[in-house]
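# Working through the structure, step by step
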Amino acid sequence: MPSPKYKLVYFNAQGRAETSRLLFAAAGVDFEDVRFSQDEWAKFKPNTPLGQAPVLEVDGKQLCQSLAINRYLANIFGLAGKSDWEKANGDAGYEVISDVYKEIYEMLFGKDDATKAQLKKKLVEDTCPKLLGFLEKNAGSQWYIGNSMTVVDLSISGLMSNLIKMKILSTVDNYPKLKAIQSRVEADPKISKYLTKRPDTKM
């Protein structure tokens, strides 16, 4: 039986599609990485189920919503956790990461500089200490769950990188477990190869 043909459609940015890209890289599975600019979005939008991106196509069938896409890929690639309990705890961690990103997007698309500054202050002083603190407390000694890399580790790595790259945080030293997870993910040979070729985008 031939392998499925995968196509991932999203903006030329990390954003809501990057964990999916990392899942493909970690699994060593080929996919078509379709990226478009903001100006090109109007051409792609009518062909999406909800007028939103990302969209994953599997042999022509479309799946929308980034969390659903990532859970699907993690499960078929064996990167969701080894037991139902591990998967549930991984999902909880992944939902927390999603909550952080929601506030990052609110900040990025704030109506003016004053609003953006206020939202960034909330991120730095409230959201990050609370939610990153939860992740730090619940992370295992090597990986977030279990004894091998999973989707939540990939998402943690991307989040920690973006918090520094976007200058939301100046350091992640307050979260040593999460910082160590990021280092382990980036040291994975397949992930490292992907990162060296990844387009340099704002986020």
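Let me begin by describing the structure that accompanies this report. These numbers come from a predicted model, not from an experiment. Each chain carries its own residue numbering, running from 1 in the written order of its sequence. Under the rules for a predicted model, residues below a pLDDT of 70 receive no local features and side-chain atom pairs below 80 are neither given nor counted, while totals for whole chains, interfaces and linings still include all residues. As a rule here, side-chain values come from all non-hydrogen atoms in the structure, and water together with hydrogens is ignored.

All right, on to helix H7 (residues 176–187) then. Strands are runs of DSSP state E lasting at least 2 residues, helices are runs of H or I lasting at least 4, and numbering of each runs from the N terminus. Here a helix's expected span is defined as the number of its residues, less one, multiplied by 1.5 Å. Between its terminal C-alpha atoms H7 stretches 16 Å, which fits the 16 Å expected from 12 residues at 1.5 Å a residue. Exposed residues in this analysis have more than 50% of their type's maximum accessible area, buried residues have under 20%, and partly exposed residues fall in between, with area computed by a 1.4 Å probe over protein chains only. Those residues of H7 not exposed but buried are Leu178, Ile181, Gln182 and Val185. Buried residues in H7, looked at end-on, bunch into an arc of 100 degrees, giving them a common side. Any pair of residues with heavy atoms lying within 4.5 Å of one another is described as a contacting pair. Where H7 is buried, its residues touch helix H5 (113–138), helix H6 (151–165) and helix H8 (189–197). Working definition: the arc comes from the directions between the helix axis and the C-beta atoms, pointing outward to the latter.

With 15 residues, H6 should reach 21 Å at 1.5 Å per residue; the first-to-last C-alpha distance of 21 Å fits that figure. Here H6 lies mainly inside the structure; 12 of its 15 residues are buried. Of all the residues in H6, the buried ones are Val151, Val152, Asp153, Leu154, Ser155, Ile156, Ser157, Gly158, Leu159, Met160, Asn162 and Leu163. Each element contacted by the buried residues of H6 is listed here: helix H1 (18–27), helix H3 (66–76), helix H4 (84–108), H5, H7 and H8. Phi turns positive, to about 60 degrees, at Lys167, one or two residues after H6.

A pair is scored as a salt bridge if a Lys or Arg side-chain nitrogen falls within 4 Å of a carboxyl oxygen belonging to Asp or Glu. With the rule as written, the count across this model stands at 12 salt bridges. Linking Arg21 and Asp33 is a salt bridge whose minimum nitrogen-to-oxygen distance equals 3.1 Å. Highlighted residues: Arg21 in helix H1 and Asp33 in strand E2 (residues 32–36), separated in sequence by 12 residues. The partner of Arg35 in a salt bridge is Asp33, and the shortest N-O contact between them spans 2.9 Å. On the basis of relative accessibility, which here comes to 29%, the residue Asp33 falls in the partly exposed class. Several salt bridges converge on common partners, so that one network encompasses Glu18, Arg21, Asp33, Arg35 and Arg198.

As a further point, take the pairing of strand E4 (residues 61–64). Here strand E3 (residues 55–58) runs beside E4; their pairing, made up of 4 bridges, is antiparallel. When the bridges of E4 are listed, Leu56 appears paired with Leu63. Pairing between two strands requires that DSSP report at least two bridges joining them.

Strand-to-strand pairing in sheets goes through backbone hydrogen bonds, with the strands running parallel or antiparallel. One open sheet accounts for 4 strands, arranged E2-E1-E3-E4; its pairing is mixed. Of all strands in the sheet, those with a lone pairing partner are E2 and E4, marking the two edges. The sheet shows a mean angle of 20 degrees between the axes of neighbouring strands, direction not considered. Note: strand E1 (residues 6–11) against E3, 4 bridges, orientation antiparallel. Of the residues in E3, the one forming a bridge with Tyr6 is Val58. Axis geometry follows a simple rule: fit a line to the C-alpha atoms, using only the stretch in contact for helices, then measure angles between N-to-C directions, giving values from 0 to 180 degrees. Taken strand by strand, H1 contacts E1, E2 and E3, and its axis lies near 150 degrees from that of E1.

Aromatic rings from Phe, Tyr and Trp, with only the six-membered ring used for Trp, were paired whenever their centres fell within 6.5 Å, and each pair was classed as stacked if the ring planes differed by under 30 degrees, edge-to-face if by over 60, and tilted otherwise. Per the counting criterion, the structure on display carries 10 aromatic pairs. Each ring, one from Tyr10 and one from Phe11, has its centre 5.5 Å from the other, and the planes form 85 degrees; the classification is edge-to-face. Each member of the pair, Tyr10 together with Phe11, is buried. Aromatic pair Phe24 and Phe31: ring centres 4.2 Å apart, planes at 15 degrees, arrangement stacked.

A few words now on the packing of H5 against H7. Put simply, H5 and H7 touch, their axes get as near as 8 Å, and they point 75 degrees apart. In this view, H5 runs roughly perpendicular relative to H7, as classed from their interaxial angle. For the pair H5 and H7, contact is made by Leu132, Leu135, Glu136 and Lys137 and by Pro176, Lys177 and Leu178, respectively. Residue composition of the contact of H5 with H7, by class: 4 nonpolar, no polar and 3 charged. Roughly parallel here means an angle under 35 degrees, roughly antiparallel means over 145, roughly perpendicular means 65 to 115, and every remaining angle is called oblique. Classes in brief: Ala, Val, Leu, Ile, Met, Phe, Trp, Tyr, Cys and Pro nonpolar; Asp, Glu, Lys and Arg charged; the others, Gly included, polar.

Our next topic: the packing of H4 against H5. Two numbers describe how H4 lies on H5: the axes approach to 9 Å, and their chain directions differ by 170 degrees. Of the possible angle classes, the one that applies to H4 and H5 is roughly antiparallel. Contacts from Gly93, Val96, Ile97, Asp99, Val100, Glu103, Ile104, Glu106, Met107 and Leu108 in H4 reach Lys116, Leu119, Lys120, Lys122, Leu123, Thr127, Leu131, Phe134 and Leu135 in H5. For the contact of H4 with H5, the residue count by class is 11 nonpolar, 2 polar and 6 charged.

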